[in-house]
Amino acid sequence: MAFNHLPAGVHDAFRPLSVTPVTHSVPMAKNHRSDRSPTDAALRPAPGAVLDRLASVPGRASRITHTEHLPPREGRHAVWPDRIRTEVISAVQTKGIEHPWAHQARAAEHALDGDSVVVATGTASGKSLAYLVPVLSGLLDGSEAPNGRGATALYLAPTKALAADQCRSVKEISHPLGTSVRPAVYDGDTPVEEREWIRQYANYVLTNPDMLHRGILPSHPRWSAFLKALKYVVIDECHTYRGVFGSHVAHVLRRLRRLCARYGASPVFLLASATAAEPSVAASRLTGVPVVEVADDASPRGELVFALWEPPLTELHGEKGAPVRRTATAETADLLTDLAVQGVRSVAFVRSRRGAELISVIAQERLAEVDRTLARRVAAYRGGYLPEERRALERALHSGELLGLAATTALELGIDVSGLDAVVIAGYPGTRASLWQQAGRAGRSGEGALAVLVARDDPLDTFLVHHPEALFDQPVESTVLDPDNPYVLAPHLCAAAAEIPLTDDDLALFGPAAEDLLPQLEAAKLLRRRTRAWHWTRRERAADLADIRGQGGRPVQIVEAGTGRLLGTVDAGAAHTTVHEGAVHLHQGRTYLVRELDLDDSVALVQEANPPYSTVARDTTSISVLETDTEVPWGSGRLCYGSVEVTNQVVSFLRRKLITGEVLGETKLDLPPRTLRTRAVWWTVTEDQLDAARINPEILGGALHAAEHASIGLLPLFATCDRWDIGGVSIPLHPDTLLPTVFVYDGHPGGAGFAERAFHTARTWLTATREAIASCECDAGCPSCIQSPKCGNGNDPLHKRGAVRLLTELLREAPGG
């Protein structure tokens, strides 16, 4: 990776505040294999010692705001149910696993009984084996069936990488079973020439919901033999199916169940999840069938040292002169560098693709100053890479060839990267479930591990590193999804009708909202009623109506103008803000400028460049109330929940100096507005409340705006969302409410359940918001409390003290207050 292709000045912008990288006489790993020898393991420092070395750099110790020690735990064994085939037990034992953990045996027992079951235990607790053993046993039983094809199983993963990794594991463990088990990955990367063999002969197909939705279900006649024999459906990492994505997947699974029933099959669902609140409820809502819960984790666990880390304030000043902390990106690059120098195998999880690229390149430069051979052992991993690039990185990490990786959440899920010693998390990932999932990537062989959460300069991260009880003393969130969302349900009704005409008997499968939607789909000339069934009427593929990732259209391809080379892709919903004309784009350490964004063809043309600045898009947003579903009085004000229409337009972009963030100029853009009908929570205040809070008209707009920013920042603590999943608008006099109003809305058509969750937890949510603002050390507001990185108005106006007084008054009159 060529460091000299970074923008000019980026080296200095990310220089550590400390001096040179930490060097210690800790032996490097003797080999690159993930299954290290006992001698290698003995050389590994304890996680507490690793943290002490990181903190030994002058000025660093004060950045650790809290250290949580999770003690090791002994495992509890059981025996496999006697109905498991002895060949399968023998195959497992050849991998060194003599006896299952108690939760694995319980899950297998339920599967054999025909009960759908969710295994909701911690990371690296052996969930894969819990479902794989009964699946393999079922496939062996089926191989002796007289129909020749025998039983089949379908595995669903949220990412291609996880499905490919699981396929490797299945092949390894089932090798002694011969050709009775024939696993194969079927996704967008599968060569065309292999697909027919998979349809005809594979009996364990590993894929993702996208391929099931677009490729398998619409072509079900070609999959009829597989579906007719389908015995098990495995849904891995099921906690990731939340919000709009989860709602879409819920209907994809209902369509699968419908087709299986037509072919005479009734598969058992086996789900695996990181520990979640009410896992059986969430799993039942996802699949539409009753699901038994196995949540008592009987696996052993090594010691986990979990540090909360707050970067220091710098001498720089941001918008409106606000103090600025050192970025989590820069701090994480330092930590990843120092861990690599110690020989500590690590992954740094980064929220953005750009951040992952920057961290890896900066770490490479710093490592080269210590030992040039080390620089080659750090890389980036993110979505948008080409398939062959992803696979090569996965192999290098699995083998131990790489010491450090800066990765987006594309690597968060259960890919086998056993042998990692440490995880650095650059910014709170949005949910406690994701936090523990990422932290659990280290220490997977049962040995001790270090996890470090590096706070970003925003309200939620700042709140969490100073309130560790919110992370360590609270259960993970409930999974939020809404299959009744009409924007989600409607296209799946069309897809189902295209697969097999939809009858009245099918409607119960899709929920109570289905019956009311059918006349609307007929009026739109999408479906037509003939005798007793609804038929798809168009020549286009009905499955193309549903964008199950909620990305707002097909991805935009990023193409190098001079060569025509495809560099990668960006989600359609993010294209206006990230690859607009004039935007700076990073790819594998090289910098490009966007020459043209063609929205019709979904292509962004870029050329390599070396600008001394970064770019930030500016937008405008307006909101109107369509319908108020429910409202409650908050004193003389109101807390409301309902449907809204949001109009957003990217109107310009700023060029900022890389080192100081100083604005160099603003360039206008001519991009079309985008309209979103969604769900929102909003609250109003009256003149009496404003008088009581000492809010005069001069500061009203700033107080509302500050409260809006902070409440958006804190909502992910109460709903399973990311701050980028939600938006907000505040206005001193809204035309629909005729009062000062703050809105927080779901950033997905029809809503995703986040605003509804905010409505039901409003008192605790806004109490935490007020506390986060009031406890911040700054005088007039900063990114740690009321400034937002996504503000289209340049964080103007904002009034910190006014927001505190306003929220205090609002909460004083809240129900139950």
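Q: Got a minute to help me understand helix α7 (residues 160-174) in this structure?
A: Given 3.6 residues to a turn, an α-helix orients residues that are three or four positions apart in the same direction. With 15 residues, α7 extends 21 Å between its outermost C-alpha atoms, agreeing within 8% with the 21 Å of an ideal straight helix rising 1.5 Å per residue. Where α7 starts, the residue carrying a side-chain oxygen 3.2 Å from the main-chain nitrogen of L162 turns out to be T159.

Q: Which parts of the structure should I look at to understand the packing of helix α11 (residues 243-262) against helix α12 (residues 279-287)?
A: In helix packing, the relevant descriptors are the interaxial angle and the interaxial distance, both defined with respect to the helix axes. Running from amino to carboxyl end, α11 crosses α12 at an angle of 60°, the nearest separation of the two axes being 7 Å. The angle between α11 and α12 falls in the class oblique. Contacts between α11 and α12 involve G246, V249, A250, L253, R254 and R257 on the former and, on the latter, S284, R285, L286 and T287. Of the residues that constitute the contact of α11 with α12, the class distribution is four nonpolar, three polar and three charged.

Q: Would you mind showing me how to read helix α8 (residues 192-201) here?
A: Burial in α8 covers these residues: R195, I198 and R199. Projected onto a plane normal to the axis of α8, the buried residues spread over an arc of 95° and lie on a single side. Buried residues in α8 make contact with β4 (183-185), β5 (204-207) and α9 (209-216).

Q: Teacher, can you tell me more about the sheet that holds strand β7 (residues 268-273) here?
A: Hydrogen bonds between backbone atoms are what pair the strands of a sheet, whose relative direction is either parallel or antiparallel. Across the sheet, seven strands lie side by side as β4-β5-β3-β6-β7-β2-β8; this open sheet has parallel pairing. Single-partner strands in this sheet number two, and they are β4 and β8 (292-294). Here the average twist between neighbouring strands, direction ignored, is 15°. Pairing of strand β2 (residues 117-120) with β8 involves three bridges; the strand directions are parallel. Across the sheet, the residue bridging to V118 is E293, located in β8. Along the sheet, helix α5 (residues 102-112) makes contact with β2, β6 (230-235), β7 and β8, crossing β8 at roughly 165°.

Q: Honestly, empty space enclosed by the protein in this entry has me stumped. Any pointers?
A: One way to see where empty space is left: roll a probe the size of a water molecule over the atoms. Evaluation of the coordinates by the stated rule reveals five cavities of 30 Å³ or more. Partitioning the lining of the second largest cavity into residue classes produces eight nonpolar, three polar and no charged.

Q: Please clarify how the pattern of salt bridges should be interpreted in this entry.
A: Within the structure shown, the criterion is met by 36 salt bridges. The partner of K95 in a salt bridge is E172, with the nearest N and O atoms 3.7 Å apart. Here K95 is found in the loop between α4 (86-93) and α5, whereas its partner E172 is found in helix α7, with 77 residues between them in sequence. Bridged by salt links that share partners, the residues R63, R326, E331, D334 and R366 form one connected network.

Q: Please explain the packing of aromatic side chains as it appears in this structure.
A: One pair of aromatic rings is described through two measures. These are the centre distance and the angle between the planes. Here the structure, examined in full by the defined rule, presents 10 aromatic pairs. Look at Y186 and W223: their rings are 4.9 Å apart centre to centre, the planes differ by 85°, and that puts the pair in the edge-to-face class. Residue Y186 is found in the loop between β4 and α8, and its partner W223 is found in the loop between α9 and α10 (224-228); the two are separated by 37 residues along the sequence. Residue classification places Y186 among the buried residues on the basis of a relative accessible area of 3%. When its relative accessible area of 1% is taken as the criterion, W223 is described as buried. Centroid distance F306 to F472: 5.4 Å. Interplanar angle 75°. Geometry classified as edge-to-face. Here F306, found in strand β9 (residues 304-309), pairs with F472, found in helix α19 (residues 469-472); they are 166 residues apart in sequence, far enough to count as distant. For the pair F306 and F472, one class covers both residues: buried. Among the aromatic residues, ring-to-ring pairing joins Y186, W223 and F226 into one connected group.

Q: I'm lost on the nonpolar core in this one. Help?
A: In summary, soluble globular proteins display a tendency toward joint burial of nonpolar side chains. In terms of nonpolar packing, the biggest core is built from 87 residues, with F306, W683, L715, L717 and W765 touching the most fellow members. Tallying contributions element by element places helix α25 (residues 697-714) first for this core, with nine residues. Aside from chain neighbours lying at most four places away, what touches W765 is V681, S711, L714, L715, F718, V744 and A758. V205, I216, I235 and V249 belong to the second-largest nonpolar core, a separate cluster that totals 39 residues.

Q: Can you help me understand the pairing of strand β28 (residues 674-684) in this one?
A: Within a regular beta strand, the side chains point alternately toward one face of the sheet and then the other, so they alternate between its two faces. Across the 11 residues of β28, eight count as buried, placing the element largely inside the fold. One ladder, built from 11 bridges, connects strand β26 (residues 637-657) with β28; its direction is antiparallel. Residue pairing in the sheet places S643 in a bridge with R679 of β28. Both β28 and strand β30 (residues 741-746) contribute to a ladder of five bridges, which runs antiparallel. Within β30, the residue paired with W683 across the bridge is V742.

Q: Would you take a moment to explain the environment of Q342 for this structure?
A: Looking at the secondary structure, you find Q342 in the loop between α13 (328-341) and β12 (346-350). On the basis of relative accessibility, which here comes to 1%, the residue Q342 falls in the buried class. Note: C-alpha distance between Q342 and L54 (288 residues apart in sequence) is 9.6 Å.

Q: I'm lost on the environment of E109 in this one. Help?
A: With respect to the secondary-structure elements, E109 resides in helix α5. The class for E109 is partly exposed, based on a relative accessible area of 32%. Between the C-alpha atom of E109 and that of W80, which follows or precedes it by 29 residues, the distance is 8.1 Å. Among residues more than four places away in sequence, those in contact with E109 are P81 and R83.

Definitions and cut-offs
Residues numbered from 1 in each chain as written. Predicted model: local features only at pLDDT ≥ 70, side-chain atom pairs only at ≥ 80, totals over all residues. Heavy atoms only, no water. Helix = DSSP H or I, 4+ residues; strand = E, 2+ residues; numbered from the N terminus. Expected span 1.5 Å × (residues − 1). Polar contact = N/O pair within 3.5 Å; in protein donor to acceptor, adjacent residues only side chain to side chain. Axes fitted to C-alpha atoms, helices over the stretch in contact; angles between N-to-C directions. Parallel < 35°, antiparallel > 145°, perpendicular 65-115°, else oblique. Contact = heavy atoms within 4.5 Å. Nonpolar A, V, L, I, M, F, W, Y, C, P; charged D, E, K, R; others polar. Buried < 20%, exposed > 50% of the residue type's maximum accessible area, 1.4 Å probe, protein only. Arc of directions from axis to C-beta. Pairing = 2+ DSSP bridges. 1 Å grid on protein atoms, 1.4 Å probe; cavity = no way out; pocket = protein on both sides within 12 Å on 5 of 7 lines; lining within 4 Å. Points joined across faces, edges and corners; volume = space filled by probe spheres on them. Salt bridge = Lys/Arg side-chain N within 4 Å of Asp/Glu carboxyl O. Phe/Tyr/Trp six-rings, centres within 6.5 Å; stacked < 30°, edge-to-face > 60°. Core = buried A, V, L, I, M, F, W, Y, C linked by side-chain atoms within 4.5 Å.

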